[in-house]
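Structural overview for review
Letter by letter, the chains look like this.
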Amino acid sequence: MEILFTSAGAIRKKDLTLVGQTSLWMFPIYGMASVISPISHHLKKCPALLRGAIYSVGIFTGEYVSGSFLKKHKMCPWDYSRAKSNVNGVIRLDFAPLWMFAGLTFEKVMELAGGED
């Protein structure tokens, strides 16, 4: 997902190589998305907008905690400090709709993969 997102950024720069990138640190961070499946069991009767908002807050929390830890040890692969809506350079509040969509997408993927019991 991150490689697709960073490759799309190349399009804005008119870089047709569409090089995307990520860091090995991102694998355990994105692995935290596995908590969406058990959470979704409790939220299944809630409207999609509310579920998406909850997922967004959870993703922001995970991103903030992991980003702050990595930044403290000079290992953070991202820096949002130039964005207007950044919080300590490790999260961007304007990404909330993206994280809502990602959370709802992960929810659906987990459901299709048999994560629903």
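See above for the structure.
Let us look at the structure shown here.

The rules behind the values
- Residues numbered from 1 in each chain as written.
- Predicted model: local features only at pLDDT ≥ 70, side-chain atom pairs only at ≥ 80, totals over all residues.
- Heavy atoms only, no water.
- Phe/Tyr/Trp six-rings, centres within 6.5 Å; stacked < 30°, edge-to-face > 60°.
- Helix = DSSP H or I, 4+ residues; strand = E, 2+ residues; numbered from the N terminus.
- Lys NZ or Arg CZ within 6 Å of the ring centre and 35° of its normal.
- Buried < 20%, exposed > 50% of the residue type's maximum accessible area, 1.4 Å probe, protein only.
- Arc of directions from axis to C-beta.
- 1 Å grid on protein atoms, 1.4 Å probe; cavity = no way out; pocket = protein on both sides within 12 Å on 5 of 7 lines; lining within 4 Å.
- Points joined across faces, edges and corners; volume = space filled by probe spheres on them.
- Nonpolar A, V, L, I, M, F, W, Y, C, P; charged D, E, K, R; others polar.
- Core = buried A, V, L, I, M, F, W, Y, C linked by side-chain atoms within 4.5 Å.
- Salt bridge = Lys/Arg side-chain N within 4 Å of Asp/Glu carboxyl O.

We now examine the packing of aromatic side chains. By the definition in use, this model includes two aromatic pairs. Between Phe-5 and Phe-95 the ring centres are 5.9 Å apart and the planes differ by 80°, which places this aromatic pair in the edge-to-face class. With a gap of 90 residues between them, Phe-5 in helix H1 (residues 2–12) and Phe-95 in the loop between strand S2 (91–92) and helix H5 (96–112) connect regions that are remote in the sequence. One aromatic cluster is present, formed by Phe-5, Tyr-80 and Phe-95 through successive ring pairs. One residue, Arg-92, lies across the ring of Tyr-80, its end atom 6.0 Å from the ring centre.

Let's shift gears to H1. Looking only at H1, the buried set comprises Ser-7, Gly-9 and Ala-10. Along H1, the residues classed as buried sweep out an arc of 145° about the axis, all on the same side. Exposed side chains of H1 directed beyond 90 degrees from the buried face belong to Leu-4, Ile-11 and Arg-12. Directly beyond the C-terminal end of H1, a positive phi value near 60° is found at Lys-14.

Right, let's talk about the layout of surface pockets for a bit. Looking at the largest pocket, its volume works out to about 1,300 Å³. Forming the walls of the largest pocket are 43 residues, and the residues nearest its centre are Glu-2, Phe-5, Tyr-30, Tyr-80 and Trp-99. Elements with a minimum of two residues in the lining of the largest pocket: H1, helix H2 (26–31), helix H3 (36–43), helix H4 (48–72) and H5. Split into classes, the residues belonging to the lining of the largest pocket amount to 25 nonpolar, 10 polar and eight charged.

Listed in full, the 12 residues of the largest apolar core are Met-26, Ile-29, Ile-59, Phe-60, Leu-70, Trp-78, Tyr-80, Val-90, Ile-91, Phe-95, Trp-99 and Ala-102. Secondary structure elements with two or more residues in this core: H2, H4 and H5. Element by element, the count of residues in this core is highest for H4, at three residues.

Now for the pattern of salt bridges. Under the criterion given, the structure shown has three salt bridges. Measuring nitrogen to oxygen at the nearest pair gives 2.9 Å for the salt bridge that ties Arg-51 to Glu-107. Separated by 56 residues along the polypeptide, Arg-51 in helix H4 and Glu-107 in helix H5 bring together distant segments of the chain. Overall, Arg-51 belongs to the buried group, its relative accessible area being 14%. Taking relative accessible area as the criterion, Glu-107 reaches 10% and is therefore assigned buried. In this structure, Glu-111 engages Lys-108 in a salt bridge whose closest nitrogen and oxygen atoms are separated by 3.6 Å. Taken as a pair, Glu-111 and Lys-108 lie in helix H5 at a separation of three residues, close to a single helical turn. Glu-111 sits in the partly exposed class, given a relative accessible area of 36%.

We now examine unusual backbone geometry. The phi dihedral of Lys-14 is positive, around 60°, even though this residue is not glycine. As for its position among the elements, Lys-14 is in the loop between H1 and H2. You will see that Asn-88, though not glycine, has its phi angle at about 55°, which is positive. With respect to the helices and strands, Asn-88 occurs in the loop between strand S1 (86–87) and S2. Overall, the relative accessible area of 48% leaves Asn-88 in the partly exposed class.

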